[in-house]
Structures are given as C-alpha cells and as structure tokens.
Amino acid sequence: MAVAPIPFNRPYATGREFGYIREALDNLHLSGNGPFSARCTAWLEERTGAERALLTPSCTAALEMAMLLADVGPGDEVILPSFTFVSTASAVALRGATPVFVDIRPDTLNVDPERVDAAVTAATRAIVAVHYAGVACDLPALTRIAADHGVPLVEDAAQGILSAHGERALGAHGQMGCLSFHETKNVGCGEGGALLVNDAGLIERAEILHEKGTNRSQFFRGQVDKYTWVDLGSSFVASDLSAAFLWAQLEQAEDITRRRLEVWDAYHDALEPLERDGLLRRPVLSDECRHNAHMYYVLAPDGAARDRLISQLGDRGIQAVFHYVPLHSSPAGLRLGRTAGDLTVTDDVAGRLARLPLWVGMEPADVVRVTDAVTAAVR
Ligand SMILES: *Cc1c(COP(=O)(O)O)cnc(C)c1O
C-alpha cells in the first residue's frame, strides 16, 4: 500500500479566511490601512508591545523600510549574519551600502555578538539580528553593542511571530523589527509582513515611508490640510484583502503555535537517543527564549551524511530540505558585501543542516514516520 507523502510545509487555513475577505469586499475598502489592517496592527501592537506596527507586502519590504529609517546609504556598512535569507542583506545593498557578514554561534545558529562587536567600524550604520528558527538571539548582548556604538538594532524576526526573549516578543527589542507572513511562516497571508517600530521617535517618518513618501497618514488624522510628497518611500502598504486573510490567522495564532509546538516537542523527544549516540545534533534553545516551533532542524555529522539523510527520507516520501547557501559565498554577496572574521561555523552548519516537515495538521503518526525514517537513515 502506498503511503501518503509528507511535504516539508503545508500552508494552514483556519476556515475563516473567506468570510473575512467577503467582509472586506462588503467594506468597500480593498487598498491598505483599512479596517482589517487596523485589527491586525492593533493585535500586533498589543501582543508584541511595539509602539507601532505597519503591515507591509512582505518582510523584505519591512527590512527595506528599516534600512531607509536607519538612513543607511552609500559608504555605510550594516553588520548581519551570513546564515540568513537574502532579504536581510539585499535591503542593505539596495541602499547602496555594504552588508558585512559575520559568523554565527554553533549552539543557536544565531549571530555571534562577539563577532558583531569586532566588526564595528566608523562606517557601521546598523546591526541586523536574525532570530533563526524563531529562537531568540542574545538580545541583551546585541542591544548593549548597538547602544555602545550608537547604531540601531534591527531585528529580522521573519520567523519569530509569538516567540519571546524574557517577557518581550521578538521584533520588539530593537529600534525596529520585521515580521513575515509568507506562506512558509507560522502565520501567513500568502505574501505579507510587518514593520514593528519600537522607537517612538521613528513612527512619524515610518508612516511617511510606508505611504510612498507622503504625509497621507497625517492628512487622514487631520494634522495637515493636504497631503504631498515629503520624503523617500515606496509602495510599502499591504492591501486590506491580505489583512483580511491575515486576521483569520492572527486570531488563531496562539492555537497554531501550540499545535506546532506539539510536533516540535515530539520530534525533540524521539530524536534524543540519536543525539546521545552522537548520530545527529538537535536544535539548541537560547536562555530566556520562548520559541514558536517555527522549524525543526537536525545537524548531521557531515555533509555527506546530511545529503544521505535527505535522500533516504525522500525515498520514503518525506520531504526534508537543507537551508541557506551562506550569503558571503553567494554571487551577489561576493559582489556587494564583505566578510568580517572567518565564517567557519556558517560554512560548517550550512553543509550539515536538514529541516524536517513541520506544519499544523501533521498527525502523531506522521511524526513517528519521520522519526523512524531519520533513525533508519542515521543508524
Ligand atoms: C522568510 C524570511 C524573510 C523574507 O520574508 P518575506 O515575507 O518572504 O519577504 C526574511 N528574513 C528571514 C530570516 C526569513 O526567514
């Protein structure tokens, strides 16, 4: 009997998405900053503690806004990990500035604060921390380093919805935080994102950049009597149709996280004996981090073992996938960025990491199939 394949990801729908999209049509407000956007941003502000949340078409757009807000330009440098998605670096390069790639820590796979500190130069204009797998970076250290050097800390919290460090949500620690609602993230609307502005002094300008460089928000609040072009900006507003879909997901975000955590915890328990026998390494959580089960990855002993693992899972209909090609060795990274220090952990981890299927709706039997297949592949 053929068994059903287990995909790496399956976007989840709560069932309320169509109803809210219908409601958006009835509202006759389909463009951005409408009633559903207001609900989503109020939820984000309440849940994260951010001063202001702005919905964007993607996390990539939110990162681009963050670089504009940080006044990053030609000749400037922005420090970030090489082990991240392209958008973290492309937002910097789009401003004509140089992404400076530093290494990650071998435990959490998050940027190493000592490497960040060592990479600071007179040209450093911002630091971007990426919370890999929704697990918090060493935020106290990074916050201190950014403050010591007088530059903003931007959090790429694309994977971090409903994760926290201490009492505070990821994305709400730095001056700015960026979230993603892409279909591969825990909570999504196909393509979507948000900029969290945590520094009240940046809110007014953030609203202007968001609205294509106009003071439209001030106009609608009655603060100016006509609206006009006042600054840089772009089409950074998400439509209310996206927000309607997103609202259905945000309403269920706690439930989605809980269900993902059940799968994550089941993987973690089942794979413990393999780690004890030195056959693979499981994820390491950081101190004071409450994570959101965005991802379950394993580190094989070497690249050949990782490739074998992925292919043997594939033979059993289970889709496991590797992750980032380190940006410092990518064609655009080589051309547009530079490195600071060696990137041995990044190169090592990128070659050995495999991500296992994790989505809402995976049954306990699916998890057992995956862990049995991992066990058979590595033993
Ligand atoms: C997904 C992701 C992004 C990009 O998010 P989009 O919403 O697809 O633009 C950026 N950074 C990281 C770390 C991501 O995981």
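Draft legend 1. Structural detail: the pairing of strand E11 (residues 296-299). Of the two faces of E11, the one lined by Tyr296 and Val298 and the one lined by Tyr297 and Leu299 are each fully buried. In terms of strand pairing, E11 meets strand E13 (residues 353-356) through four bridges, oriented antiparallel. Among the inter-strand pairings, Tyr297 is bridged to a residue of E13, identified as Arg355.

Draft legend 2. Examining the domain arrangement of the protein more closely. If you check the domain split of the protein, you get domain 1 (17-251) and domain 2 (253-378). Here the C-alpha centroids of domain 1 and domain 2 sit 25 Å apart. In this assembly, 46 residues from domain 1 lie in contact with 40 residues from domain 2. Summed over both sides, the interface of domain 1 with domain 2 buries roughly 3,600 Å², with 55% coming from carbon and sulfur.

Draft legend 3. Up close: the sheet that holds strand E7 (residues 168-169). Ordered in space as E7-E6-E10, the three strands form an open sheet in which the pairing is antiparallel. A strand with exactly one partner marks an edge of an open sheet, and here the two such strands are E7 and strand E10 (289-290). Two elements, strand E6 (residues 164-165) and E10, share two bridges in a ladder whose sense is antiparallel. Paired with Ala164 across the bridge in E10 is Arg290.

Draft legend 4. Up close: unusual backbone geometry. Although it is not a glycine, Asp71 sits at a positive phi angle of roughly 55°. On the secondary structure map, Asp71 appears in the loop between helix H3 (59-69) and strand E2 (77-81). Of note, Leu109 is a non-glycine position whose phi angle comes to about 65°, a positive value. Among the secondary structure elements, Leu109 is positioned in the loop between strand E3 (98-102) and helix H5 (113-119).

Draft legend 5. Seen up close, the site of the ligand. Lining the immediate environment of the ligand, one finds 15 residues, of which Thr60, Asp156, Gln159, Ser180 and Lys185 sit closest. Thr60 places a polar side-chain atom, nitrogen or oxygen, 2.5 Å from an oxygen atom of the ligand. Contact between the ligand and Asp156: a nitrogen atom at 2.8 Å from a side-chain N or O atom of the residue. Its free accessible area being 380 Å², the ligand has 93% of it covered by the protein chains. Looking at the shell around the ligand residue by residue, the classes come out as five nonpolar, eight polar and two charged.

What counts and how
- Residues numbered from 1 in each chain as written.
- Predicted model: local features only at pLDDT ≥ 70, side-chain atom pairs only at ≥ 80, totals over all residues.
- Heavy atoms only, no water.
- Buried < 20%, exposed > 50% of the residue type's maximum accessible area, 1.4 Å probe, protein only.
- Helix = DSSP H or I, 4+ residues; strand = E, 2+ residues; numbered from the N terminus.
- Pairing = 2+ DSSP bridges.
- Domains from an automatic or database assignment.
- Contact = heavy atoms within 4.5 Å.
- Buried area = accessible area lost by both parts, 1.4 Å probe.
- Near = heavy atom within 4 Å.
- Polar contact = N/O pair within 3.5 Å; in protein donor to acceptor, adjacent residues only side chain to side chain.
- Areas by Shrake-Rupley, 256 points an atom, 1.4 Å probe, with all protein chains shown as cover.
- Nonpolar A, V, L, I, M, F, W, Y, C, P; charged D, E, K, R; others polar.

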